[in-house]
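One-letter residues, chain by chain:
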Amino acid sequence: MKYFISFCLLFLFYFELCNYAYSQDFVDNGTRTFQLIQIHCLRAKGKVVGESIRIEADIDGLELGSPIKKALKTNELWEINYSYDYLDSIQLKLWDDNVFKDILISNIIFDNRYTDKIKTITLTSKDVDFDITFKIVPGPGYKAIINKLQNSVYLLKEDLKLLKNETSSLKEEVESLEDENNRLKEKIKDLDDG
């Protein structure tokens, strides 16, 4: 079911993106690439293990990709060098990945304005302070994003085919077990009658 819902959302996003992209007067560099360069932990409450930081990205309104995370100690530098391609906006959610309760440290939205300059912003919370270094540059173009989405849709279709085959074989197995159960009931009935 998880794959089916993901497939449907991705499929709808893909068609919306295609309609939007082709209805606009785009040049091929109409996208942006958000380059998350590094995080420098200025202060971490956890002295021994540090604070576990999780980063999630919502790209153009959809949560895409897997979160990245790492435990950081005070003065530790995390060289990330991770890039996200987007059309309109990217929303970074930074979490203190706590054992008992995840705490949202910051929710930052970047639009499609860009600069080739490396920028650093400082974020603070109760348990951790850190600097995030990033850069927003012209992206690969909407066609590259559409190609990535098409590949994702293809992979989800393949997953759905596998799930369908697996469901079909499980259904056959259940039917076989039900037949065997009915035969056993008949034998028990014959034994009781005889």
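Residues numbered from 1 in each chain as written. Predicted model: local features only at pLDDT ≥ 70, side-chain atom pairs only at ≥ 80, totals over all residues. Heavy atoms only, no water.

> Can you tell me about the environment of Ile132, naming the residues and giving the values?
By secondary structure assignment, the location of Ile132 is in strand E9 (residues 128–138). As a C-alpha pair, Ile132 and His40 span 92 residues in sequence and 6.6 Å in three-dimensional space. The residues contacting Ile132, other than those within four sequence positions of it, are Leu36, Gln38, Ile39, Leu94, Lys119, Thr120, Ile121 and Leu123. (Helix = DSSP H or I, 4+ residues; strand = E, 2+ residues; numbered from the N terminus. Contact = heavy atoms within 4.5 Å.)

> Please give an account of the confidence of the model for the protein chain that cites residues and values.
Per-residue confidence for the protein chain gives a mean pLDDT of 77; residues scoring 70 or more make up 76%. The secondary-structure element of the protein chain with the lowest mean pLDDT is helix H1 (residues 2–23), recorded at 52, while strand E5 (residues 77–86) shows the highest, at 88. Confidence drops under a pLDDT of 50 for residues 20–28, and excluding neighbours within four residues, the segment shows 14 contacts in the predicted structure. (pLDDT = per-residue confidence, 0-100.)

> Run through the pattern of salt bridges, naming residues and quoting values.
Tallying each qualifying case throughout the model produces 7 salt bridges. One salt bridge in this structure joins Glu56 and Arg54, with 3.0 Å as the shortest N-O distance. Pair check on accessibility: Glu56 and Arg54 agree, each one buried. The salt bridge involving Asp58 is made with Lys93; its shortest N-O contact spans 3.2 Å. Taken as a pair, Asp58 in strand E2 (residues 51–59) and Lys93 in strand E6 (residues 90–96) lie far apart in primary sequence, 35 residues in all. In this structure Asp58 comes out as buried when scored by relative accessible area, which is 10%. Among the residues examined, Lys93 registers a relative accessible area of 18% and is labelled buried. Several salt bridges share partner residues, and in doing so they unite Arg54, Glu56 and Asp102 into one network. (Salt bridge = Lys/Arg side-chain N within 4 Å of Asp/Glu carboxyl O. Buried < 20%, exposed > 50% of the residue type's maximum accessible area, 1.4 Å probe, protein only.)

> Run through the nonpolar core, naming residues and quoting values.
Core analysis: the biggest nonpolar cluster contains 27 residues, and Phe34, Ile55 and Leu94 have the highest contact counts within it. When residues of this core are traced back to their parent elements, those giving at least two are strand E1 (32–44), E2, strand E4 (68–72), E5, E6, strand E7 (103–110) and E9. With residues near it in sequence (within four places) discarded, Ile55 still touches Leu36, Ile39, Pro67, Ile68, Trp78, Ile80, Tyr84, Leu92, Lys93 and Leu94. (Core = buried A, V, L, I, M, F, W, Y, C linked by side-chain atoms within 4.5 Å.)

> I'd like to hear about the packing of aromatic side chains, residue by residue, with values.
Summed over all chains, the structure comprises 4 aromatic pairs. Ring plane angle 55° and centroid distance 5.0 Å describe the contact between Tyr82 and Tyr84, whose orientation is recorded as tilted. Both rings, one in Phe110 and one in Phe134, keep their centres 4.9 Å apart while their planes meet at 55°; by these two values the pair is tilted. With Phe110 in strand E7 and Phe134 in strand E9, the pair connects residues that are 24 residues apart, well separated along the chain. (Phe/Tyr/Trp six-rings, centres within 6.5 Å; stacked < 30°, edge-to-face > 60°.)

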